[in-house]
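Architecture and fold: a report
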Amino acid sequence: MYFPQYRPRRLRANETIRRMVRETALLPDNFIYPLFVTHGKGMKKEIGSMPGNYQQSIDNLVKDCEEVHGLGIPAVILFGIPEKKDELGTEAYSDEGIVQHAIKAIKNRLPELMVITDVCMCEYTSHGHCGVIRNGVVQNDATLELLAKEALSHAKAGADMVAPSDMMDGRVAAIRDILDNEGYENIPIMSYAAKYASGFYGPFREAAESTPQFGDRRSYQMDPPNSREALREVELDIEEGADIVMVKPALSYLDIISQIKQEFTMPVAAYNVSGEFSMVKAAAKLGWIDGDRVMMEVLTSIKRAGADMILTYHAKEAAALLNR
Ligand code: PBG
């Protein structure tokens, strides 16, 4: 059936019919909200390049989590800013670390809110790399031990899920192994499976104070032109025990999200990263785009591509619009 018998515009004529044929529904259930926690009391410092996002002390963080929970967002992911950084990133796996304390405070106040932790070294190391350095090179196998310790300390503090973002080989297996041996076999792993070496992380590095002090992350994060390699990375992580696989960033990698969704049966997460967020905010501030509209279009496109979960700094604003 072709024009003039068939007219696609019939199903676009008004909002009611558009609602009926809409293929993708975005829900607050789909969001995971990233939070940055720092030492101190009464601290709430806005991140310049990420309006509406803050480095905050635990007291304010818990208040923010109450708001997140009230909006119907099921989960947060925590990033820590330690008191001091060192070569081995020791605060990452200390039971007295900032993230460990934050987990306890949130779970204490909001037991139903899912607390996910980012498992990585870069926020905690003086050099800003995601692992142990020897001869100027990030050591894979030596880093695994520290990541496993970090994941275990998060689980011990009460984290509901751990999310390794370092891109070392074998880290999902190392983390699964230690969690199972220590009685945390029910804690899921959401692996940053296909994480690209991306310019879109710029604002995050200001937020987490995690810019590498020399070199870059291209020897461990993926090369943006590759997609078959992403499938291989996902396959390996699933073999090693990942329960949820993530693609990061999201917007320039919608093809990767879509391929992974088709190839595998695990739930897929996508990280709508800091630079993607900041671009929308900056253009909206200049009056060049309608910020809310573009935000919803971006999030819907990530869901349409195949993401079941979206980690996004837009979570609170988007949930508020969806709840209206
Ligand atoms: C830590 C980590 C990064 C992000 C999440 N976890 C930064 C990086 O790899 O440089 C980026 C998140 C964002 O840009 O919003 N490895």
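Attention in this report is confined to the structure presented alongside it. (Residues numbered from 1 in each chain as written. Predicted model: local features only at pLDDT ≥ 70, side-chain atom pairs only at ≥ 80, totals over all residues. Heavy atoms only, no water.)

As a structural note, the neighbourhood of the ligand is formed by 17 residues, with Lys195, Arg205, Lys248, Ser274 and Tyr313 the closest of them. Taking Asp118, its side chain carries an N or O atom lying 3.5 Å from a nitrogen atom of the ligand. Note that an oxygen atom of the ligand is positioned 2.9 Å from one of the side-chain N or O atoms of Gln221. Burial of the ligand by the protein chains amounts to 100% of its free accessible area of 400 Å². With respect to the detected pockets, the ligand is housed in the largest cavity. Classifying every residue of the shell around the ligand gives nine nonpolar, three polar and five charged. (Near = heavy atom within 4 Å. Polar contact = N/O pair within 3.5 Å; in protein donor to acceptor, adjacent residues only side chain to side chain. Areas by Shrake-Rupley, 256 points an atom, 1.4 Å probe, with all protein chains shown as cover. 1 Å grid on protein atoms, 1.4 Å probe; cavity = no way out; pocket = protein on both sides within 12 Å on 5 of 7 lines; lining within 4 Å. Sits in = over half its atoms within 2 Å of the grid points. Nonpolar A, V, L, I, M, F, W, Y, C, P; charged D, E, K, R; others polar.)

Turning our attention to the packing of aromatic side chains. Taken as a whole, this structure holds eight aromatic pairs when the rule is applied. Arranged with centres 5.0 Å apart and planes meeting at 80 degrees, the rings of Phe79 and Phe204 form a pair that is edge-to-face. Taken together, the positions of Phe79 in strand E4 (residues 75–81) and Phe204 in helix H6 (residues 202–208) put the pair 125 residues apart, joining distant regions of the chain. Phe204 shares its class with Phe79; the two are buried. Their ring planes at 40 degrees and their centres at 6.2 Å tell us that Tyr192 and Tyr271 sit as a pair that is tilted. With a gap of 79 residues between them, Tyr192 in strand E9 (residues 190–195) and Tyr271 in strand E11 (residues 268–272) connect regions that are remote in the sequence. Neither residue differs from the other here; Tyr192 and Tyr271 are each classed as buried. Linked through ring pairs, Phe36, Phe79, Tyr192, Phe204, Tyr271, Phe277 and Tyr313 together constitute an aromatic cluster. Positioned over the ring face of Tyr54 is Lys44, at 4.5 Å from the centre of the ring. The aromatic ring of Tyr201 is capped on one face by Lys195, whose charged end is 5.6 Å from the ring centroid. (Phe/Tyr/Trp six-rings, centres within 6.5 Å; stacked < 30°, edge-to-face > 60°. Helix = DSSP H or I, 4+ residues; strand = E, 2+ residues; numbered from the N terminus. Buried < 20%, exposed > 50% of the residue type's maximum accessible area, 1.4 Å probe, protein only. Lys NZ or Arg CZ within 6 Å of the ring centre and 35° of its normal.)

Read these as spatial facts, not as claims about activity.
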